[in-house]
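These are the residues of each chain, in order.
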Amino acid sequence: WWRMGAAVKKVHFAEEWNEFHHLLIMESLGGNDAWIDRFGGYHAAILYYWTLNLLWLISPFLAYQFSEMLENHAVDTYSQFLDENEKILKDLPAPAIARQYYQNEDLYMFDEFQTSRAGHAARRRPQINTLYDTFVNIRDDELEHVKTMVACQSDVPVKSPHEG
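This is a predicted model, so every value here is computed, not measured. (Residues numbered from 1 in each chain as written. Predicted model: local features only at pLDDT ≥ 70, side-chain atom pairs only at ≥ 80, totals over all residues. Heavy atoms only, no water.)

Caption draft 1: Inspection of helix α1 (residues 6-28) at higher detail. Counted at 1.5 Å a residue, the expected span for α1 with its 23 residues is 33 Å, and the 33 Å between its end C-alpha atoms agrees. Looking at α1, one finds that the buried residues are A7, V8, V11, A14, E15, N18, H21, H22 and I25. Backbone geometry just downstream of α1 places G30 in the positive-phi region, at approximately 95°. (Helix = DSSP H or I, 4+ residues; strand = E, 2+ residues; numbered from the N terminus. Expected span 1.5 Å × (residues − 1). Buried < 20%, exposed > 50% of the residue type's maximum accessible area, 1.4 Å probe, protein only.)

See below:
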């Protein structure tokens, strides 16, 4: 289990790259303005990191299962947020960083974590016009992470979508 291969590492790096851009989007919306938010975020990230490392040492399956539950919670939270704020969010423009990330001409890294989608025709090409679109795509990204975590718990090796 400790030699999952380069393909899985590449997919996990692409997921981390995606989460980094979610962070940049949230920061562009003022999510890091207050020192307490930054303090809480930094320390929660450190706690999460060490918790996953400990779980991985006990059982990689448990680490993936924990991540799956966390990503599922994110999907539920974003869905609720979208339902409760749809009208307001549709009236606000998308942040520039969201447009840059989701509509960049080089979406190799974005495609890399879409492990449930095979082939060129199945690739996601998000439209980002409003803040609503931004949060819909963040939610959909989290759902792709859930699918990857589920796949990592199975005996079938996770494959990069670029590998056909």
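Caption draft 2: Quick peek at the packing of helix α3 (residues 60-90) against helix α6 (residues 131-152). At a minimum axis separation of 8 Å, α3 and α6 run at an interaxial angle of 165°. By the angle between their directions, the pair α3 and α6 is classed as roughly antiparallel. The hand of the α3/α6 crossing is left-handed. Split into classes, the residues belonging to the contact of α3 with α6 amount to 17 nonpolar, 4 polar and 6 charged. (Axes fitted to C-alpha atoms, helices over the stretch in contact; angles between N-to-C directions. Parallel < 35°, antiparallel > 145°, perpendicular 65-115°, else oblique. Left-handed = near helix turned anticlockwise from the far one by under 90°. Nonpolar A, V, L, I, M, F, W, Y, C, P; charged D, E, K, R; others polar.)

Caption draft 3: Inspection of the pattern of salt bridges at higher detail. Per the counting criterion, the structure on display carries 4 salt bridges. D91 is the salt-bridge partner of K87, the closest N and O atoms lying 3.5 Å from each other. K87 gets classed as exposed once you look at its relative accessible area, which sits at 63%. On the accessibility criterion, D91 (56% relative accessible area) is exposed. (Salt bridge = Lys/Arg side-chain N within 4 Å of Asp/Glu carboxyl O.)

Caption draft 4: Quick look at a nonpolar patch on the surface. A surface patch of nonpolar side chains, amounting to about 370 Å² of accessible area, comprises F13, W17, F20 and L23. As for its placement among the helices and strands, L23 is situated in helix α1. (Patch = residues over 30% accessible without salt bridge, like charges linked within 9 Å, V, L, I, M, F, W, Y side chains within 5 Å. Areas by Shrake-Rupley, 256 points an atom, 1.4 Å probe, with all protein chains shown as cover.)

Caption draft 5: Layout of the nonpolar core. Counting 20 residues, the largest nonpolar core has I25, L82, L89, Y102, F110, F135 and I138 as the members making the most contacts within it. Of all elements in the fold, only α1, α3, α4 (96-102) and α6 reach the threshold of two or more residues within this core. Non-local contacts of F135, meaning those with residues more than four positions away in its chain, are made with M26, L29, Y78, F81, L82 and L89. Ranked by size, the runner-up nonpolar core spans 6 residues in total, among them V8, V11, M149 and V158. (Core = buried A, V, L, I, M, F, W, Y, C linked by side-chain atoms within 4.5 Å. Contact = heavy atoms within 4.5 Å.)

Caption draft 6: View of the layout of surface pockets. In this structure, the largest pocket occupies an estimated 1,800 Å³ of space. At 12 residues, the largest contribution of residues to the lining of the largest pocket is made by helix α2 (residues 35-58). Its residues assigned to classes, the lining of the largest pocket comprises 21 nonpolar, 10 polar and 10 charged. For the second largest pocket, the calculated volume is near 150 Å³. If you trace the second largest pocket, you find it lined by W17, H21, I97, Q100, Y101, N104, D106, L107, Y108, M109 and F110. (1 Å grid on protein atoms, 1.4 Å probe; cavity = no way out; pocket = protein on both sides within 12 Å on 5 of 7 lines; lining within 4 Å. Points joined across faces, edges and corners; volume = space filled by probe spheres on them.)

Treat this as a map of the structure, not an account of what it does.
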